[in-house]
Amino acid sequence: MHIFSIYSRFEYLLIAAFLTCSTLIAQTKAVEDQNLIKLNGAERVDSLNSLSSLLKRSSFEKSKSYAEEALKLARKIEYSNGEAIALVNLGFVEYANNNLGKAESFYLTALEIFKELENDIETARTKNQIGLIYWRRNQYVLAFKRYREALNLANKAGAENLAAEALNYMGLIYWKWSDYDKAIEYFFSSLKIKEALGDKFEIGLTLNNIAFVYNEINQIDQSITYSNKVLEITKTLKDNYVLGRALNNLGVSYYKKRDYNRAANYQTESLKMKEQAGDKSGMAYSYNDLGNIYLAQEKYDEALNQYNRSMEIRTQLKDQYGIASALFSIAKVQKLKGNKTVALAAFNSALHSAVSIGNKRLEANIYKELSEMSRESGNTNLAFSYLKKYSTIIDSVLSKEKGDKILELSVIYDVESKENELKIKNLEIEKEHARTTYNYIIIIAFLIATVVLYTRYASVKKVKKQLEKLNRDLEEKSKVLESTVKTRDRFFSIVAHDLKSPFFGLKGLVEIITNESEELTEHEKKSFLIKLNRSVKEINMLLENLLDWSGLQSRRIDYNPEVFDMHTEISQTLFLLSQNAERKLIKLINPD
């Protein structure tokens, strides 16, 4: 009988992480109710969600009411985070009421919102809670997968409390798979984190889990050691829930030692603490454990009384798993008391409940009891049929547990592969970002280079235009210079010619006067001297005119045109040329 009691107790342990002191709830609720009236919008949603969370264990109806109001308002104002938290609170209420389908729907909807918000912490928390649903359905592989995913997310987000929670839940999965060494390993991993965080409430929970598993594998003294550690913590923590569980574990330990009086005292004290904490589910387990103690002492009526009390609480809580367990215990007591008809009816009721909730191990144990009852009543064929069903179911349970253990590796590989895929994708994203950044740098560098080159091109173009202009100016100046040079050459030619001709005439007169002076008459000499004088004057005037012309070309003389006698000027010019002309027998005429 005790084996099934221990087996089903972990249904209770999974809810434990959500429980708080009822006194604190009442005090907080009073404060929140006063403040709630003043709040609007997102603040009101947050306050409603806070109230719903605090009232999860003391009043499911009120918790649900606050969560529904928060959900409605959050959707109205499009407050996604508030909506998701309200869904999580509703999911817990439905889970506690064993409406697993509704609970799963609420949790999955919340999970999608948290993913969209990229809220790894709340995503991890919700995955842990979804794992509880799979646990209740005996879908341990799926539960383990959710816990593993939650652990990875919690580690990524640095949420050590959620990582510790996930490790604790995975320890319970390994306990279900009868891998007690790994269960203890995970519990201690969880404990290490909780101790570092200094969360005495959570430390107490995990120490109780460790004590429970040591009871399971009959290392009783180890279990008692860890239960006593919890008692030391509760002296300062003063939490009746944690204390109630520690006392319950001590009761089980002394029950296994067959110290029934001490075991009963611990269980009775445990009941008081759980009642003060408002832990009705825990009270049901303590009543069941008291029933086991009285049953071991063959005090059947007292045992039946305790089982019935457990049954009443489980019925109030709509705990189908607990109801099936209580019916099984009641049926066994009735069988031992010789009330076979009542026992048979109770076994059949327990069997119906076990089948409806998919509890194969309980179903197998019921068939085993029915087989013994049939054998005792002489119906060997029916006894064999029940025994065959028992064997078939046990084989399937063991096979499933082995399969689950094999799938455990697959889950770990799958989750870690997805995590590695995510890491690879993140690396690819980082590479893409780096590549994009590099491309941006290249583009920016190209743009800068383009601007620089364009600026330089514009500058070169401007310089080129300036050079072209300078070249044109230079070309024009070259032409001017060339023209000037030609003019100068022509000027020199003219000067040479204009100077040469008069000097030839002057030379001729001087030669005549010099060579023929004795032969010349006075009149001729006088004539020649007059001509000579006139020639000198004309040459002098010619030089002045040449100098004036040169100054005019170099722009050193102001342009001042005036009227002059062309006939006189021509006469003077002809006089200068007359000596050469006469020598060449050329007659120069200046018409009037």
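Since we're looking at a predicted model, the values are computed, not measured. (Residues numbered from 1 in each chain as written. Predicted model: local features only at pLDDT ≥ 70, side-chain atom pairs only at ≥ 80, totals over all residues. Heavy atoms only, no water.)

**Remarks on the overall build of the protein chain**
Convention followed: Only runs of H or I of at least four residues qualify as helices and only runs of E of at least two qualify as strands under DSSP, and these elements are numbered from the N terminus. Summary of the burial criterion: residues with accessible area below 20% of their type's maximum are buried, those above 50% are exposed, and those between are partly exposed, where the area comes from a 1.4 Å probe applied to protein chains only. The criterion used for residue contact is that any of the two residues' heavy atoms lie within 4.5 Å. Per-residue and other accessible areas were derived by the Shrake-Rupley procedure at a 1.4 Å probe size, with only the shown protein chains allowed to occlude residues.
Looking only at helices and strands, the protein chain features 22 helices and zero strands. A buried classification covers 45% of the 592 residues belonging to the protein chain. In the protein chain, the share of contacts with a sequence separation of at least 24, taken over all contacts with a separation of at least 6, comes to 62%. Put simply, the protein chain shows about 32,600 Å² of open surface, and 55% of that area lies on carbon and sulfur atoms.

**With respect to a nonpolar patch on the surface**
What counts here: Note on patches: the residues involved have over 30% relative accessible area and no salt bridge, like charges join within 9 Å, and the nonpolar side chains Val, Leu, Ile, Met, Phe, Trp and Tyr join within 5 Å. The rule for a salt bridge is simple: a side-chain nitrogen of Lys or Arg has to be within 4 Å of a carboxyl oxygen of Asp or Glu.
Where nonpolar side chains cluster on the molecular surface, the patch consists of Phe-564, Met-566 and Ile-570 and spans about 300 Å² of accessible area. With respect to the secondary-structure elements, Met-566 resides in helix H22 (residues 566-583). Residue classification places Met-566 among the partly exposed residues on the basis of a relative accessible area of 48%.

**Examining the nonpolar core**
Selection rule: Residues belong to one nonpolar core when they are buried, are Ala, Val, Leu, Ile, Met, Phe, Trp, Tyr or Cys, and are joined through side-chain atoms within 4.5 Å.
Core analysis: the largest hydrophobic core is formed by 129 residues, its most contacted members being Tyr-147, Ile-173, Phe-347 and Ile-366. Counting residues in each nonpolar core, the second largest holds six residues, with Leu-509, Leu-520, Phe-528 and Ile-539 among its members.

**Thoughts on the environment of Ile-121**
With respect to the helices and strands, Ile-121 occurs in helix H7 (residues 120-136). You can call Ile-121 partly exposed: its relative accessible area is 34%. Put simply, Ile-121 and Gly-158 are 37 residues apart on the chain and 8.5 Å apart in space, counted from C-alpha to C-alpha. Leaving out residues up to four positions away in the same chain, Ile-121 has contacts with Ala-157, Ala-159 and Leu-162.

**As for the confidence of the model for the protein chain**
Counted only if it meets this: On a range of 0 to 100, pLDDT expresses the predictor's confidence in each residue.
Taken over all residues, the pLDDT of the protein chain has a mean of 80, while the share at 70 or more is 79%. The weakest mean pLDDT in the protein chain belongs to helix H1 (residues 2-16) at 44; the strongest belongs to helix H6 (residues 100-116) at 93. Confidence drops under pLDDT 50 across residues 1-8; counting only partners more than four residues distant or on other chains, this segment forms 29 contacts. Note that pLDDT drops below 50 for residues 10-31; the model gives that stretch 62 contacts with residues more than four away or on any other chain.

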